[in-house]
Amino acid sequence: MQGKKILLGISGSIAAYKMPLLVRLFIKAGAEVKVVMTPAAADFVSPLALSTLSKNDVSLHLSQNNSWENHVMLGRWADLFLIAPASANTVAKMASGFCDNLLLAAYLSATCPVHVAPAMDEDMYRHPTFTNNCKKLESFGDVIINPTHGELASGLVGMGRMAEVETIFTHIEKALGTAQRLKGKSALVTAGPTYENIDPVRFIGNYSSGKMGLAIANALANEGAQVTLIMGPSNVTASHPLIEQINVRSAAQMLEASVAHFSQSNIAVMSAAVADYKAKNIAQEKIKKSGSEGLNIELEKTTDILKTLGQLKTDKQILVGFALESHDEENYALKKLKEKNADLIVLNSLNDPGAGFMQDTNKVTIYNKNGSKIAFELKSKSAVALDIVDQLITLL
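Read on for an overview of the structure. What you are looking at is a predicted structure, and each value in this text was computed from that prediction instead of being measured. (Residues numbered from 1 in each chain as written. Predicted model: local features only at pLDDT ≥ 70, side-chain atom pairs only at ≥ 80, totals over all residues. Heavy atoms only, no water.)

### A short note on the overall build of the chain
In plain terms, the rule: Secondary structure follows DSSP: runs of H or I at least 4 residues long count as helices, runs of E at least 2 residues long count as strands, and numbering of each begins at the N terminus. The size measure is the radius of gyration over C-alpha atoms, and the globule rule it meets is 2.2 Å times the number of residues to the 0.38 power. Summary of the burial criterion: residues with accessible area below 20% of their type's maximum are buried, those above 50% are exposed, and those between are partly exposed, where the area comes from a 1.4 Å probe applied to protein chains only. Areas reported here follow the Shrake-Rupley algorithm with a probe of radius 1.4 Å; residue values treat only the protein chains shown as occluding. None of His or the chain ends enter the tally, which takes Lys and Arg as positive and Asp and Glu as negative. Note that the charge is assigned to NZ on lysines, CZ on arginines, CG on aspartates and CD on glutamates.
Counting its regular elements, the chain contains 13 helices and 23 strands. What you see for the chain is a C-alpha radius of gyration of 23 Å, in line with the 21 Å of a compact globule of 396 residues. In terms of overall dimensions, the chain has C-alpha extents of about 80 × 50 × 40 Å along its principal axes. By the burial criterion, 52% of the 396 residues in the chain qualify as buried. Approximately 19,000 Å² of the chain is accessible, and the part contributed by carbon and sulfur atoms is 51%. Considering the chain, the positive charge centre built from 38 side chains and the negative charge centre built from 38 side chains are found 4 Å apart.

### Focus: the packing of helix 10 (residues 251-262) against helix 11 (residues 305-312)
Note the cut-off: Between the N-to-C directions of two axes lies an angle of 0 to 180 degrees, each axis being a line fitted to C-alpha atoms and, for a helix, fitted only over the stretch in contact. In these notes the angle categories are as follows: under 35 degrees is roughly parallel, over 145 is roughly antiparallel, 65 to 115 is roughly perpendicular, and the rest is oblique. Two helices crossing with the near one rotated counterclockwise from the far one by less than a right angle form a left-handed crossing, whereas a clockwise rotation gives a right-handed crossing. In what follows, a contact means two residues having at least one pair of non-hydrogen atoms within 4.5 Å. Three categories are distinguished: nonpolar for Ala, Val, Leu, Ile, Met, Phe, Trp, Tyr, Cys and Pro, charged for Asp, Glu, Lys and Arg, and polar for the others, with Gly belonging to the last.
It is at 10 Å that the axes of helix 10 and helix 11 come closest, and there the two elements cross at 20°. It follows from the interaxial angle that helix 10 and helix 11 lie roughly parallel. The element helix 10 and its partner helix 11 pack so that their crossing is right-handed. Along its contact with helix 10, which presents Ala-251, Met-254, Leu-255, Ser-258, Val-259 and Phe-262, the element helix 11 presents Ile-305, Thr-308, Leu-309 and Leu-312. For the contact of helix 10 with helix 11, a count of residues per class yields eight nonpolar, two polar and no charged.

### Some thoughts on the packing of helix 9 (residues 211-222) against helix 13 (residues 381-395)
It is at 8 Å that the axes of helix 9 and helix 13 come closest, and there the two elements cross at 55°. One element, helix 9, and the other, helix 13, form an angle in the oblique class. As helix 9 runs across helix 13, the sense of the crossing is right-handed. Within the contact between the two elements, helix 9 uses Lys-211, Met-212, Ala-215, Ile-216, Ala-219 and Leu-220 and helix 13 uses Lys-381, Ser-382, Val-384, Ala-385, Leu-386, Ile-388, Val-389 and Leu-392. For the contact of helix 9 with helix 13, the per-class residue count stands at 11 nonpolar, one polar and two charged.

### Description of the state of the cysteines
Joining two cysteines, a disulfide is a covalent bond between their sulfur atoms. The criterion, for reference: Put simply, a disulfide is two cysteine sulfurs that come within 2.5 Å.
In total, this model carries zero disulfides according to the counting rule given. With no disulfide of its own, Cys-134 lies closest to Cys-112 among cysteine sulfurs, the gap being 19 Å.

### Considering the sheet that holds strand 10 (residues 186-191)
Here is the rule we go by: Being paired, for any two strands, means DSSP has found at least two bridges between them.
In space, the eight strands of this open sheet follow the order 14-13-10-15-18-19-21-22, with mixed pairing throughout. Pairing within the sheet leaves two strands with one partner each, and these edge strands are strand 14 (243-247) and strand 22 (373-375). Taking the axes of each pair of neighbouring strands and ignoring which way they run, one obtains an average angle of 15° across the sheet.

### With respect to the packing of aromatic side chains
Let me state the cut-off plainly: Between the rings of Phe, Tyr and Trp (Trp by its six-membered ring), a pair exists once the centres lie within 6.5 Å; its type follows the angle of the planes, with under 30 degrees stacked, over 60 edge-to-face, and the other angles tilted. Only when the NZ atom of a Lys or the CZ atom of an Arg is both within 6 Å of the ring centre and within 35 degrees of the ring normal do we say a charge sits over the ring.
Taken as a whole and assessed by the stated rule, the structure comprises three aromatic pairs. When the ring of Phe-26 is compared with that of Phe-169, the centres are 5.8 Å apart and the planes differ by 35°; the resulting orientation is tilted. Residue Phe-26 is located in helix 1 (residues 19-28), and its partner Phe-169 is located in helix 8 (residues 165-178); the two are separated by 143 residues in the primary sequence. Just as Phe-26 is buried, Phe-169 falls in that class too. Ring geometry for Tyr-125 versus Phe-130: centroids 5.7 Å apart, planes at 50°, classification tilted. One exposure class covers both Tyr-125 and Phe-130, and it is buried. Across the ring face of Trp-77, the terminal group of Lys-34 is positioned such that the distance to the ring centre comes to 4.6 Å. Between Arg-249 and the ring centre of Phe-203, over which it is positioned, the NZ or CZ distance is 5.5 Å.

### Brief notes about the sheet that holds strand 1 (residues 5-10)
The five strands lie next to each other as 2-1-5-6-7, forming an open sheet whose pairing is parallel. Each of the sheet's edge strands pairs with one partner strand only, and the pair in question is strand 2 (32-37) and strand 7 (143-144). Bridge count for strand 5 (residues 80-86) against strand 6 (residues 114-118) is four bridges, and the pairing is parallel. Within strand 6, the position partnered with Phe-81 by the bridge is Val-114.

### Overview of the pairing of strand 8 (residues 148-151)
As paired elements, strand 8 and strand 9 (residues 157-161) share four bridges and run antiparallel to each other. In the sheet register, His-149 faces strand 9, and the bridge partner there is Met-159. Count of turn residues in the strand 8/strand 9 antiparallel hairpin: five residues, of which Gly-155 carries a positive phi of about 100°.

### Thoughts on helix 9
As a reminder, the rule being used: Any helix carries an expected span of 1.5 Å times its number of residues minus one.
With 12 residues, helix 9 extends 16 Å from end C-alpha to end C-alpha; this agrees with the ideal 16 Å at 1.5 Å per step. Taken residue by residue, helix 9 has Met-212, Gly-213, Leu-214, Ala-215, Ile-216, Ala-217, Asn-218, Ala-219, Leu-220, Ala-221 and Asn-222 as its buried positions. Where helix 9 ends, the next residue or the one after it, Gly-224, has phi of about 100°, a positive value.

### Overview of helix 5 (residues 102-109)
Three or four residues apart is the spacing at which side chains of an α-helix point the same way, because the helix has 3.6 residues per turn. Test applied: We define a polar contact as two N or O atoms separated by no more than 3.5 Å, with the added condition that, inside protein, one atom must be a possible hydrogen donor and the other a possible acceptor, whereas residues neighbouring each other in sequence contribute only through side-chain atom pairs.
Along helix 5, seven of the eight residues are buried, which leaves the element largely enclosed by surrounding structure. By the burial criterion, the buried members of helix 5 are Leu-102, Leu-103, Leu-104, Ala-105, Ala-106, Tyr-107 and Ser-109. At the N-terminal end of helix 5, a side-chain oxygen is found 3.1 Å from the backbone nitrogen of Leu-103, two or three residues along, and the residue is Asn-101.

### Concerning a nonpolar patch on the surface
Selection rule: Exposure above 30% relative accessible area and no salt bridge define the residues that can form patches, which grow by joining like charges within 9 Å and nonpolar side chains of Val, Leu, Ile, Met, Phe, Trp and Tyr within 5 Å. Salt bridges are defined by distance alone: a side-chain nitrogen of Lys or Arg within 4 Å of a carboxyl oxygen of Asp or Glu.
A contiguous nonpolar surface patch, about 370 Å² in accessible area, is contributed by Tyr-277, Leu-295, Ile-297 and Leu-299. With respect to the helices and strands, Tyr-277 occurs in strand 16 (residues 277-279). Residue Tyr-277 is classed as partly exposed on the basis of its relative accessible area, which comes to 40%.

The structure is reproduced here in structure tokens:
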């Protein structure tokens, strides 16, 4: 961390008492640390202690000593902005764009990667509004450092305890050590489902949400890559300045966009759930219910996008494919790795709870063309994206 600049934002949570230890760890590792606090945070930890340890004045109010605190410069000064602990209130305000204290003003002005370590009681942590707010932060490109299961301030035991200081330190150390590893590189990511029309009102589709692909695009962009995200029909949208999103509907449109951008890409991650089949003949008018007992629709295969790019790939490009399987998972993943000329295959199993479509978490195994494989535990999709990006950077 030598010479790295860390802006530490502290909000009002009992876990704030641990922050002097984290500041001390950062300073010992050679980082420069500045602290910005919400007024509520000062009830839990002394600004004087933080100032003494960081060797920098602590920023607490929008104006101090009859002068304006320049929140824009705070947000631009740092290599990384860590908000820990992040209370439910602060997370909600961040997700909604509120700006009623200095920490939030610095957040909205930050041009560096933002990492967020929530801390709260279990019922608050599991409330749908908090879950949705975290999804919004991740859609902005922010990284959530997931809390753990343990003793809470209420006396209960459950989820919501802020990650341990050592865990946060290791996380930030890794993030700073790998920051901008892809600067000057370009990446192509496909995400979401495809819809294949049957008639003007019906289609063949699947349950893919696009969340995993968006998380990968954000992780690549946070490493400095210029990312083209080709998104099938989805409610998620990229907001990172280094991501250009192209919206498509069908497998044919996704293929066309992928081929058009692949030759300029150093990295391609095919995480979209592309339909394997489409209607051979699309009805021009709505198919009406008839007196017969059923309806037969003749299907034909769509063009395999991963295989197409595998045939176009050069030795200077990294191609990553996904495999979602329900049985004999490893054999199918290895077969796909070889037949599609991919460098990595990311396997999710439908048999793993919390993995697959319409989830905020995923559990993957990554297969490398060199014969190795790495199995990961169930994690948030943003954390899974970091693991995938780490592996493809190693290949580069």
